[in-house]
Amino acid sequence: MEDQDAPALAFEKDAFELTVEDVYDISYVIGRDLLKISSGGKYVSDLQFKIVRVLEVFEALVNQSNLSLEELKMERDNLKSEVERLLGDRSSDPQGTQAFGTNKLVIDLKDPNRPRFTLQELKDVLQERNQLKAQLLVAQEELQLYKR
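Rules behind the numbers
Residues numbered from 1 in each chain as written. Predicted model: local features only at pLDDT ≥ 70, side-chain atom pairs only at ≥ 80, totals over all residues. Heavy atoms only, no water. UniProt positions renumbered as here; feature names shortened; annotations may be inferred. Helix = DSSP H or I, 4+ residues; strand = E, 2+ residues; numbered from the N terminus. Polar contact = N/O pair within 3.5 Å; in protein donor to acceptor, adjacent residues only side chain to side chain. Contact = heavy atoms within 4.5 Å. Salt bridge = Lys/Arg side-chain N within 4 Å of Asp/Glu carboxyl O. Buried < 20%, exposed > 50% of the residue type's maximum accessible area, 1.4 Å probe, protein only.

## Describing the UniProt feature "coiled-coil region" (unreviewed entry) in the protein
Argument step 1. Per the UniProt annotation, the sites labelled "coiled-coil region" (unreviewed entry) are residues 55-89.
Argument step 2. Secondary structure content for residues 55-89 is 100% helix and 0% strand, and the end C-alpha separation is 51 Å.

Structure (structure tokens):
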């Protein structure tokens, strides 16, 4: 009985903590419940098609979110290593000609790979993009319904 309840735990997770595996668990639980009522005829089969489509969209969004999170983590690691390198360069400078203070950020304005946005600004942009994508998918589905 406990094995059957394990996939249902995905429903209790925060939306931003979901993984693709959690989406599969949610799909499993919904599919299992739909099988219980599958004798409902055409309406149930139409509902099943719609639910499968929503779960596919959900999976794509969760996967994209996880990829974006990985990109942000890689950028953070790159920035940390750059800071460590800069601090190492400073300690190797015997005359102390480079003046790095605490809470100061040194940016080479000629560097084409310099960070241009804060991490929070990137998160906000990604969240807004994901919301717009979701709205677009809903609009496309409504358009398909009207075409029928």
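Alright, that's what it looks like, and here's the rest.
## Here we look at the side chain of Asp22
Argument step 1. Inspection of the secondary structure puts Asp22 in helix α2 (residues 20-36).
Argument step 2. Here Lys13 takes part through its side chain, which lies 2.9 Å from a polar atom of the side chain of Asp22.
Argument step 3. Non-local contacts of Asp22, meaning those with residues more than four positions away in its chain, are made with Ala10, Lys13 and Glu17.

## Concerning the pattern of salt bridges
Argument step 1. This model, assessed by the stated rule, comprises six salt bridges.
Argument step 2. Asp22 is the partner of Lys13 in a salt bridge, and the nearest nitrogen-oxygen pair spans 2.9 Å.
Argument step 3. The buried category is assigned to Asp22, whose relative accessible area is 6%.
Argument step 4. The residue Arg53 makes a salt bridge to Glu56 at a minimum N-O spacing of 3.8 Å. One end of the pair, Arg53, and the other, Glu56, are both in helix α3 (residues 42-92), three residues apart, so they sit about a helical turn from each other.
Argument step 5. On the basis of relative accessible area, Arg53 is assigned to the partly exposed category, the value being 32%.
Argument step 6. Here the salt bridges share partners, and the residues they tie into one network are Arg53, Glu56 and Glu141.

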